[in-house]
Amino acid sequence: VICVSSKTMDEVKKVLNVDCSVIPIPVKLDLFKPAGHDERENVIVHIGTRPVKNPLISIEAVRILRRKGYSIKLVVVGPPTRLPEVEGVEYRYSIPEGEKLELLCRAKALILPSSYEGFSYATLEAMACGTPAVVSSAIPEEVVIDEFNGIRVNSYDPEDYANVLERLLLDEGLWLKLSDESLEFVKQFNYIEVAKKYINIIRGVL
């Protein structure tokens, strides 16, 4: 039995009393073309429109920033749903994967205030873009290490997310550090490396 993170491994053990090995979800890194800091747009990306993804927190966080005078836009990506029409917020429903990756690779940050994530593929995609991720504590710590390859927010208060995003907008050094560490960290999730782990399991069984 394979689980995608230590978090899901613990859940499977607790609910089903089944032991499993952890092999993360792979990502094909050569699909990503990160833009440099000076080429980035003043855009924050939120991926996921289901309630568990908490898009309203992201919307309010960007509203706070705009009230402070920041010329920043939030782009919400995901399946069609009913979300409020708010100045500075753009919805891109069901866009092609290539368009989503291009958007993410030119954004200033990913915001992901999810209530639950077993792993968080969106965060992997952001890291592959060199785009700093601002995430909730629901994201497994093996995916986002606080202040190393992203920033963890231990609340669901939009103001807390706004404050972190403001740090990234003001502190170019912090942005570059998180971006560089993300690009290096995500290499372990490259599909070739993950495939090797499955091959080793298969060889052990045969």
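Structure first, text after, so check above.
The model shown is predicted, which means the values in this text are computed figures rather than measured ones.

**Q** Account for the layout of surface pockets, with residues named and values stated.
**A** Taken as a whole, the largest pocket encloses approximately 250 Å³ of empty space. Forming the walls of the largest pocket are 17 residues, and the residues nearest its centre are Ile47, Gly48, Val77, Lys100 and Ala122. Taken together, the elements giving at least two residues each to the lining of the largest pocket come down to β4 (73-78) and α4 (121-128).

**Q** Residue-level account of the pattern of salt bridges, with values.
**A** Overall, the coordinates contain 15 salt bridges when judged by the stated rule. We note a salt bridge from lysine 100 to glutamate 97, for which the minimum N-O separation is 3.1 Å. Taken together, the positions of lysine 100 and glutamate 97, both in helix α3 (residues 97-105) and three residues apart, correspond to about one turn of that helix. For lysine 100, a relative accessible area of 12% gives the class buried. Residue class for glutamate 97 comes out partly exposed when judged on its relative accessible area of 44%. Among the ionic pairs, glutamate 184 bridges to lysine 187, the shortest N-O distance being 3.1 Å. Classification of glutamate 184 by relative accessible area gives partly exposed; the value is 47%. Among the charged side chains, a salt-bridge network with shared partners connects Lys73, Glu90, Arg92 and Glu99.

**Q** Can you tell me about the packing of aromatic side chains, naming the residues and giving the values?
**A** Note on aromatic pairs: each is described by the distance of the centres and the angle between the planes. This structure, assessed with the given rule, holds four aromatic pairs. With a centroid separation of 5.7 Å and an interplanar angle of 15°, the aromatic rings of tyrosine 91 and tyrosine 93 are classed as stacked. Here tyrosine 91 falls in the buried class, since its relative accessible area comes to 15%. Exposure remark for tyrosine 93: the relative accessible area of 26% places this residue in the partly exposed category. Through a chain of ring-to-ring contacts, three or more aromatic side chains come together here, namely Phe119, Phe148, Phe185 and Phe189.

**Q** How would you sum up the state of the cysteines? Please name residues and give values.
**A** Summed over all chains, the structure comprises two disulfides. The disulfide that involves cysteine 105 links it to cysteine 129, with 2.2 Å between the sulfurs. Looking along the S-S bond of the cysteine 105-cysteine 129 disulfide, the torsion reads about -75°, which is the left-handed sense. Residue cysteine 105 is found in helix α3, and its partner cysteine 129 is found in the loop between α4 and β7 (133-136); the two are separated by 24 residues along the sequence. Considered together, cysteine 105 and cysteine 129 belong to a single accessibility category, that of buried residues. Taking only the cysteines that form disulfides and numbering them from first to last, the protein chain has the pattern 1-2, 3-4.

Calculation criteria
Residues numbered from 1 in each chain as written. Predicted model: local features only at pLDDT ≥ 70, side-chain atom pairs only at ≥ 80, totals over all residues. Heavy atoms only, no water. 1 Å grid on protein atoms, 1.4 Å probe; cavity = no way out; pocket = protein on both sides within 12 Å on 5 of 7 lines; lining within 4 Å. Points joined across faces, edges and corners; volume = space filled by probe spheres on them. Helix = DSSP H or I, 4+ residues; strand = E, 2+ residues; numbered from the N terminus. Salt bridge = Lys/Arg side-chain N within 4 Å of Asp/Glu carboxyl O. Buried < 20%, exposed > 50% of the residue type's maximum accessible area, 1.4 Å probe, protein only. Phe/Tyr/Trp six-rings, centres within 6.5 Å; stacked < 30°, edge-to-face > 60°. Disulfide = S-S within 2.5 Å.

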